[in-house]
Amino acid sequence: MWCLPVGNITGPPYAIDKIKPTVGPLTGKTKLSIFGAGFKESYGQITVRFSGGKTPVDAIGVFKEENLIECETPSFENFGPKKCEIRVSCGKYDYTITSAEFTYYLNTKAE
């Protein structure tokens, strides 16, 4: 008997289409809207993963409707300004095979 795990190939029953906004400050706390399809509140806790290097940073997402999740961007001050790949995981399901790009920019302080 052979077994072929296809979960990472086929992906979960939901997907990311786009995000708004696509840029935010390095300090985080930007309200991020994640648009997609197939989101369900019954799936459980929503994790939004920001990958911009070796160590990803997770944020907790909030279900709004079948095609919308919201979260607050985490701080990236330890990593510096960069582009991040965003993927979503709901409950027991894997992260989306589709993703969106978010860019952190360096805050400026006029003192």
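It should be noted that the structure appears before, not after, this text.
As the structure is a computational prediction, the values presented were derived from the model and not from experiment.

## Re the nonpolar core
Side chains of nonpolar character tend, in soluble globular proteins, to be buried together.
Okay, step 1: Leu32, Ile34, Val48, Phe50, Ile86 and Val88 are the most contacted members of the largest nonpolar core, which totals 23 residues.
Okay, step 2: Every element with two or more residues in this core is listed here: strand E1 (15–20), strand E3 (31–37), strand E4 (46–51), strand E5 (57–65), strand E6 (68–72), strand E7 (83–90) and strand E8 (100–105).
Okay, step 3: Here this core gets four residues from one element, more than from any other, and that element is E7.
Okay, step 4: Beyond its immediate chain neighbours, meaning those up to four positions away, leucine 32 contacts Ile19, Lys20, Pro21, Phe50, Ile69, Glu70, Cys71, Thr73, Ile86 and Phe102.

## So, the packing of aromatic side chains
Okay, step 1: Under the counting rule described, the total for this entry stands at nine aromatic pairs.
Okay, step 2: Centroid distance tyrosine 14 to phenylalanine 39: 6.1 Å. Interplanar angle 40 degrees. Geometry classified as tilted. Here phenylalanine 39 lies in the loop between E3 and E4 and tyrosine 14 lies in the loop between helix H1 (7–10) and E1, a separation of 25 residues in the sequence.
Okay, step 3: Given the relative accessible area of 4%, tyrosine 14 is considered buried.
Okay, step 4: Ring centres 6.4 Å apart and planes at 55 degrees place the aromatic pair phenylalanine 50 and tyrosine 104 in the tilted group. Here the residue phenylalanine 50 occupies a position in strand E4, and tyrosine 104 occupies one in strand E8, the gap between them amounting to 54 residues.
Okay, step 5: Looking at phenylalanine 50, the relative accessible area reads 0%, which means it is buried.
Okay, step 6: A network of ring pairs unites the aromatic residues Phe50, Phe76, Phe79, Phe102 and Tyr104 as a single cluster.
Okay, step 7: The aromatic ring of phenylalanine 35 is capped on one face by lysine 18, whose charged end is 5.7 Å from the ring centroid.
Okay, step 8: Across the ring face of tyrosine 93, the terminal group of lysine 92 is positioned such that the distance to the ring centre comes to 5.5 Å.

## Notes on the sheet that holds E7
Okay, step 1: A sheet is described by the order of its strands in space; here eight strands give the open sequence E1-E3-E6-E5-E4-E7-E8-E2, paired in mixed fashion. This sheet does not close on itself; its edge strands, each paired only once, are E1 and strand E2 (23–25). Each strand of the sheet is rotated relative to its neighbour by a mean of 35 degrees, with strand direction disregarded.
Okay, step 2: Of the pairings in the sheet, the one linking E1 to E3 comprises five bridges and is antiparallel in character. When the sheet's bridge partners are listed, isoleucine 19 is paired in E3 with isoleucine 34.

## Observations concerning the environment of phenylalanine 35
Okay, step 1: Structurally, phenylalanine 35 can be placed in strand E3.
Okay, step 2: With 22 residues separating them in the primary sequence, phenylalanine 35 and proline 13 have C-alpha atoms 14 Å apart.
Okay, step 3: When residues no more than four places from it in sequence are discounted, the contact partners of phenylalanine 35 are Ala15, Ile16, Asp17, Lys18, Lys20, Asn67 and Leu68.

Analysis parameters
- Residues numbered from 1 in each chain as written.
- Predicted model: local features only at pLDDT ≥ 70, side-chain atom pairs only at ≥ 80, totals over all residues.
- Heavy atoms only, no water.
- Core = buried A, V, L, I, M, F, W, Y, C linked by side-chain atoms within 4.5 Å.
- Buried < 20%, exposed > 50% of the residue type's maximum accessible area, 1.4 Å probe, protein only.
- Helix = DSSP H or I, 4+ residues; strand = E, 2+ residues; numbered from the N terminus.
- Contact = heavy atoms within 4.5 Å.
- Phe/Tyr/Trp six-rings, centres within 6.5 Å; stacked < 30°, edge-to-face > 60°.
- Lys NZ or Arg CZ within 6 Å of the ring centre and 35° of its normal.
- Pairing = 2+ DSSP bridges.
- Axes fitted to C-alpha atoms, helices over the stretch in contact; angles between N-to-C directions.

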